[in-house]
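Residue strings, one per chain:
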Amino acid sequence: MNEKKVRHILSLSGGKDSTALALYMRDKVSEMEYVFCDTGEELQETYDYLRKIEAHLGKKIAYLNPDRPFAHYLHIYRDVLPDPRTRWCTRMLKLRPFEKYVGDAPVVLYVGIRADESQRTGYVSTKPNIRSRFPFVEDGLRHKDIMRILDDSGLGLPEYYKWRSRSGCYFCFFQQRREWVGLLENHKELYERAAQFEKIDPQTGEHYTWLEEYSLTELAENEAEIERIKQQYEERKARECQRMVDLSLGDVFAADESEALSGCTICHL
């Protein structure tokens, strides 16, 4: 691989890890290209945060858009919503635009997986001209280091972290039930739009819904269930905080529970 012709690319998601990596690499790779795979189904808070990132980096972020919107591909896939087993949304809305942008030139892709995230392998392109690097893993940076980078920069966290644990589409299937409730409370119009993607097959009665237990419309109308979800979340959070206190004498670093899932290195870092 001729190093003089290699492109260096860092894909931002509007989340904390990829943002911290961009700040970490800013003065290490001067020719770095910054991209954001824009599905057109993002939260406004994500776009707001990306503008702040641009200001800190002093470079423009290239927005990569799919050829067709989510609704088009949903129709092609016969109204079957994406899930962890059939992640066509990542392939069509993120990986395909990214691979088109990259072309056939040799590329080093910088990925924000942390040293304390060995369980998250990511979902990456298989193009032979793309070689991934994991600077946080290489340098042993963990969750507390990422938070320090963001705090020291003055950038902090995106606003959606007040009710959501990850970046990505507002209807991301990786969301926990508490996050769907958060979407309902913070962006009711987007919640209702996500609900419109749900379908019931009139012939088989099969449900194509984001949540296995019920549709989003049913959840929004069930105040008791919403309160139960919120209460369960607070109880779980309290248990997790106590667990961290109990283990604080050891070599313990906070890790976002939601990121333990095998996510997409383009999608939600």
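Note that the structure is a prediction, hence the values are computed from the model and not measured.

Student: Honestly, the overall build of the protein chain in this entry has me stumped. Any pointers?
Tutor: In terms of helices and strands, the protein chain carries ten helices and seven strands. For the protein chain, buried positions account for 51% of its 269 residues. When the accessible surface of the protein chain is split by element, carbon and sulfur atoms take 49% of a total near 13700 Å².

Student: Help me out: how do you make sense of helix α7 (residues 177-186) in this one?
Tutor: Note on helix geometry: an α-helix contains 3.6 residues per turn, so any two residues three or four positions apart are oriented the same way. Across the ten residues that make up α7, a large majority, seven, are buried. Within α7, the full set of buried residues consists of Arg178, Glu179, Trp180, Val181, Gly182, Leu183 and Leu184.

Student: Help me understand the sheet that holds strand β2 (residues 33-37) in this model?
Tutor: With respect to topology, five strands assemble into an open sheet ordered β3-β2-β1-β4-β5, the strand pairing being parallel. Where the open sheet ends on each side, the last strands, each with one partner, are β3 (62-64) and β5 (130-133). Sheet twist, expressed as the average angle between the axes of neighbouring strands with direction ignored, equals 35°. Judged from the four bridges that link them, strand β4 (residues 107-110) and β5 form a sheet pairing that is parallel.

Student: Help me out: how do you make sense of the packing of aromatic side chains in this one?
Tutor: Pairs of aromatic rings are described using the distance from one ring centre to the other and the angle between the two planes. In this structure the tally under the stated criterion is 15 aromatic pairs. When the ring of Tyr160 is compared with that of Tyr161, the centres are 4.9 Å apart and the planes differ by 50°; the resulting orientation is tilted. Residue classification places Tyr161 among the buried residues on the basis of a relative accessible area of 18%. Grouped by ring-pair contacts, the aromatic residues Phe70, Tyr77, Trp88, Tyr170, Phe171, Trp180, Tyr191, Phe197 and Trp210 constitute a single cluster.

Student: Got a minute to help me understand the nonpolar core in this structure?
Tutor: The nonpolar side chains of a soluble globular protein tend to be buried with one another. Counting 34 residues, the largest nonpolar core has Phe70, Phe171, Trp180 and Trp210 as its most contacted members. For this core, the elements supplying multiple residues, two or more each, are α3 (70-76), α4 (88-102), α7, α8 (188-196), α9 (216-220) and α10 (223-246). What Phe70 contacts, discounting residues up to four positions off in sequence, is Glu41, Pro82, Trp88, Cys89, Leu93, Phe171, Phe197 and Trp210. Counting residues in hydrophobic clusters, the runner-up holds 27 residues, among them Leu12, Leu141, Leu150 and Leu155.

Student: Explanation requested: the side chain of Ser215 in the structure shown.
Tutor: Along the chain, Ser215 falls in the loop between β7 (207-208) and α9. Those residues in contact with Ser215 that sit more than four places away from it in its chain are Glu198 and Thr209.

Student: Before we go on, may I ask you to explain helix α6 (residues 143-153) in this structure?
Tutor: Of the positions making up α6, those classed as buried are His143, Asp145, Ile146, Met147, Ile149 and Leu150. Summarising the contacts, the buried residues of α6 are in contact with α1 (16-25), α2 (44-57) and α5 (135-139). At the C-terminal side of α6, Gly154 shows a positive phi close to 85°.

Student: Please explain the packing of α1 against α6 as it appears in this structure.
Tutor: Two quantities define a packed helix pair, namely the angle between the helix axes and the distance between the axes. At a minimum axis distance of 9 Å, the contact between α1 and α6 shows a crossing angle of 65°. In terms of orientation, α1 lies roughly perpendicular with respect to α6. For α1 against α6, the interelement crossing comes out left-handed. Contact residues: α1 offers Lys16, Asp17, Thr19, Ala20, Leu23 and Tyr24, while α6 offers His143, Ile146, Met147, Ile149, Leu150 and Ser153. By residue class, the composition of the contact of α1 with α6 is seven nonpolar, three polar and two charged.

Each value, and the rule that gives it
- Residues numbered from 1 in each chain as written.
- Predicted model: local features only at pLDDT ≥ 70, side-chain atom pairs only at ≥ 80, totals over all residues.
- Heavy atoms only, no water.
- Helix = DSSP H or I, 4+ residues; strand = E, 2+ residues; numbered from the N terminus.
- Buried < 20%, exposed > 50% of the residue type's maximum accessible area, 1.4 Å probe, protein only.
- Areas by Shrake-Rupley, 256 points an atom, 1.4 Å probe, with all protein chains shown as cover.
- Pairing = 2+ DSSP bridges.
- Axes fitted to C-alpha atoms, helices over the stretch in contact; angles between N-to-C directions.
- Phe/Tyr/Trp six-rings, centres within 6.5 Å; stacked < 30°, edge-to-face > 60°.
- Core = buried A, V, L, I, M, F, W, Y, C linked by side-chain atoms within 4.5 Å.
- Contact = heavy atoms within 4.5 Å.
- Parallel < 35°, antiparallel > 145°, perpendicular 65-115°, else oblique.
- Left-handed = near helix turned anticlockwise from the far one by under 90°.
- Nonpolar A, V, L, I, M, F, W, Y, C, P; charged D, E, K, R; others polar.

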